[in-house]
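Structural features, examined
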Amino acid sequence: MAEELTPSTPEEEEPQIKQRKNTLYPSVSDELAENMAGGWADTELHDLQPIAQAGHTADRRAALSARFPGERLVIPAGNLKTRSNDTEYSFRASTEYAYLTGDQTEDGVLVLEPTAAGHRATVYLLPRSNRENGEFWLSGQGELWVGRRHSLTEAEQLLGIPAKDVRELADSLREAAGPVRAVRGHDAGIEAALADKVTAERDEELRVYLSEARAVKDAFEIGELQKACDSTARGFEDVVRVLDKAEATSERYIEGTFFLRARVEGNDVGYGSICAAGPHATTLHWVRNDGPVRSGDLLLLDAGVETTSLYTADVTRTLPISGRYTEIQRKIYDAVYDAQEAGIAAVKPGGKFRDFHDASQQVLAERLVEWGLLEGPVERVIELGLQRRWTLHGTGHMLGMDVHDCAAARVEAYVDGTLEPGMCLTVEPGLYFQADDLTVPVEYRGIGVRIEDDILVTEDGNRNLSASLPRQADEVETWMASLKG
Ligand code: GLY
Ligand code: MN
Ligand code: MN
């Protein structure tokens, strides 16, 4: 990236242009400014087809409108976040904005304006750069630096939503009368413009609604979740193929290998990949990924590709790095596998969300008693939660655009709720014996196993979207052998 430019006559610039800091070129002559203003082709795109989810986003906006009649609703995509100086983290639009528009443009804002019949939706975006006033090459957001944007007309065609210039939005929100709610936490400028018009309680109701609305996935979303799982399965295969290279380097090789698949086939990873070899597998969110990969140890790989539409998989496999589980590894693995089977069987419409957790915990508690690590009866163990020293976490969560999806939903709509067709959740029991746990025999210590799949609730039961990756121990070994050649 080259250094930045500043015009010689900044006072003549239009006020909305954010100028790049000048370090290399101290001035721009009038001749150069005039030269840069002309000689450019018209590249407007015509008759663009709507994005694939445009019909679904319209339905989602209609449901939102019906829930908050007569109120102005403001849903920002969010802004770029500084990484250092003038470089930024890669942008990921807010889930709420992307869910309701299908758009992922930084600084975008969806506004639902109340009307007699419901709401009128407008998406506010930064339009294409102006060539005449130098904006396109002198502004920090100029297209010459950051790439071509859609014109507002193009955006309207793609999204199926009228589009306006976002630079007009803050002032118009400040001036607008009437009740308003906003999704917080993404755009400080919009929040400042609304500061004396919104309340935390009312905004929270909007956030909760948008979290609960996402619990049941529509046909587009289910297709995207399947794509995410399929890409993730290919990423796991990539990792198995390079385990020897990881052994020669570190867990980072695994992280990088999976990331390549995520970036080529999707938008990104949906969360920091957990590439936990050996005793690191007992750390639930091991994302440092800087440890050694040793034959004879297990690799717990918890990773998910996020699609370009921002739906993520969340899959875990615990693999023998050598290709064969040892006796103690297999004993623990089989217990987790049985617990997962019991959990998956409990996922069905009309069942309680908690059922799959209870079913998995029951199996794990039974094994821990059977192995002599806990004193029975099993009912007492479960009642007191004693198995949790080694099971540690809940057995799953909703999955969608966020890896821990629907996180703002009310307890009665989620953890204490009932499963419905179209919900997608993870089933991910585990057993974790810390390396310094003196209460278990030494051969258990440093072994962590989790198996995680993405389960769609269907009309008559469930479908495992990540089933293409083997789970049963013999099948895992056969699969690994086939990939390693
Ligand atoms: N990858 C985080 C989780 O499984 O919830
Ligand atoms: Mn996971
Ligand atoms: Mn998970």
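Residues numbered from 1 in each chain as written. Chains lettered and ligands numbered in written order. Predicted model: local features only at pLDDT ≥ 70, side-chain atom pairs only at ≥ 80, totals over all residues. Heavy atoms only, no water.

What to know about the coordination of the manganese ion (ligand 2)
Taken together, the protein ligands of the manganese ion (ligand 2) are Asp302 (OD), Asp302 (OD), Asp314 (OD) and Glu452 (OE), with distances of 2.0 to 2.3 Å. Counting the intervening residues between successive donors of the manganese ion (ligand 2) yields the motif D-x11-D-x137-E. Between the manganese ion (ligand 2) and the manganese ion (ligand 3) the interatomic distance amounts to 3.3 Å, and Asp314 serves as a bridging ligand to the pair. You can see Asp302 sitting in strand β10 (residues 298-303) and its partner Glu452 sitting in the loop between β15 (447-450) and β16 (453-458), a full 150 residues away along the chain. Each member of the pair, Asp302 as well as Glu452, is classed as buried. (Donors = N, O, S within 2.8 Å, 3.2 Å for Na, K, Ca; no water. Helix = DSSP H or I, 4+ residues; strand = E, 2+ residues; numbered from the N terminus. Buried < 20%, exposed > 50% of the residue type's maximum accessible area, 1.4 Å probe, protein only.)

With respect to the sheet that holds strand β17 (residues 461-464)
On the basis of which strands lie adjacent, the open sheet formed by 3 strands has the order β13-β16-β17 and antiparallel pairing. One side of each edge strand has no neighbouring strand; the edge strands of this open sheet are β13 (424-427) and β17. Adjacent strand axes in the sheet meet at a mean angle of 40 degrees when their direction is disregarded. Both β13 and β16 contribute to a ladder of 4 bridges, which runs antiparallel. Paired with Val427 across the bridge in β16 is Asp453. (Pairing = 2+ DSSP bridges. Axes fitted to C-alpha atoms, helices over the stretch in contact; angles between N-to-C directions.)

Remarks on the UniProt feature "domain: Aminopeptidase P N-terminal" (unreviewed entry) in the chain
The residues that UniProt annotates with the feature "domain: Aminopeptidase P N-terminal" (unreviewed entry) are residues 51-191. Taken as a whole, residues 51-191 contains 34% helix and 22% strand, while its terminal C-alpha atoms sit 29 Å from one another. (UniProt positions renumbered as here; feature names shortened; annotations may be inferred.)

Digging into the pairing of β10
For a regular strand, the rule is simple: side chains alternate between the two faces of the sheet. Burial of β10 is extensive: 6 of the 6 residues sit out of reach of the surface. Two strands pair when backbone bridges link them, and strand β9 (residues 274-277) and β10 are joined in this way by 4 bridges, in the antiparallel orientation. By the bridge assignment for β10, Ile274 is matched with Asp302.

Overview of the site of ligand 1
If you check the shell around ligand 1, you find Tyr271, His285, Asp302, Asp314, His397, His404, Glu428 and Glu452 and nothing else. If ligand 1 stood free it would expose 200 Å²; the protein chains cover 92% of that surface. Its residues placed into classes, the shell around ligand 1 shows 1 nonpolar, 3 polar and 4 charged. (Near = heavy atom within 4 Å. Areas by Shrake-Rupley, 256 points an atom, 1.4 Å probe, with all protein chains shown as cover. Nonpolar A, V, L, I, M, F, W, Y, C, P; charged D, E, K, R; others polar.)

Looking at the coordination of the manganese ion (ligand 3)
Only Asp314 (OD), His397 (NE2), Glu428 (OE) and Glu452 (OE) from the protein reach the manganese ion (ligand 3) as donors, at distances of 2.0 to 2.2 Å. Read in sequence order, the donor residues coordinating the manganese ion (ligand 3) give the pattern D-x82-H-x30-E-x23-E. Since its relative accessible area comes to 3%, Asp314 is described here as buried. According to the relative accessible area criterion, Glu452 is buried, its value standing at 0%.

Some remarks on the sheet that holds β9
Judged by pairing direction, the sheet is antiparallel, and its 3 strands sit side by side in the order β9-β10-β12 without closing on themselves. The sheet is open, and its two edges are formed by β9 and β12 (315-320), each paired on a single side. The average angle at which neighbouring strand axes cross in this sheet is 10 degrees, direction not considered. Where helix α12 (residues 251-265) meets the sheet, it contacts β9 and β10, and its direction lies at approximately 150 degrees from that of β9. (Contact = heavy atoms within 4.5 Å.)

Re the environment of Glu237
Inspection of the secondary structure puts Glu237 in helix α10 (residues 219-241). Spatially, the C-alpha atoms of Glu237 and Leu260 are 12 Å apart, while their sequence positions differ by 23 residues. Apart from residues lying up to four places away in sequence, Glu237 is in contact with Trp479 and Leu483.

So, the environment of Leu210
Inspection of the secondary structure assignment puts Leu210 in helix α9 (residues 200-213). According to the relative accessible area criterion, Leu210 is buried, its value standing at 1%.

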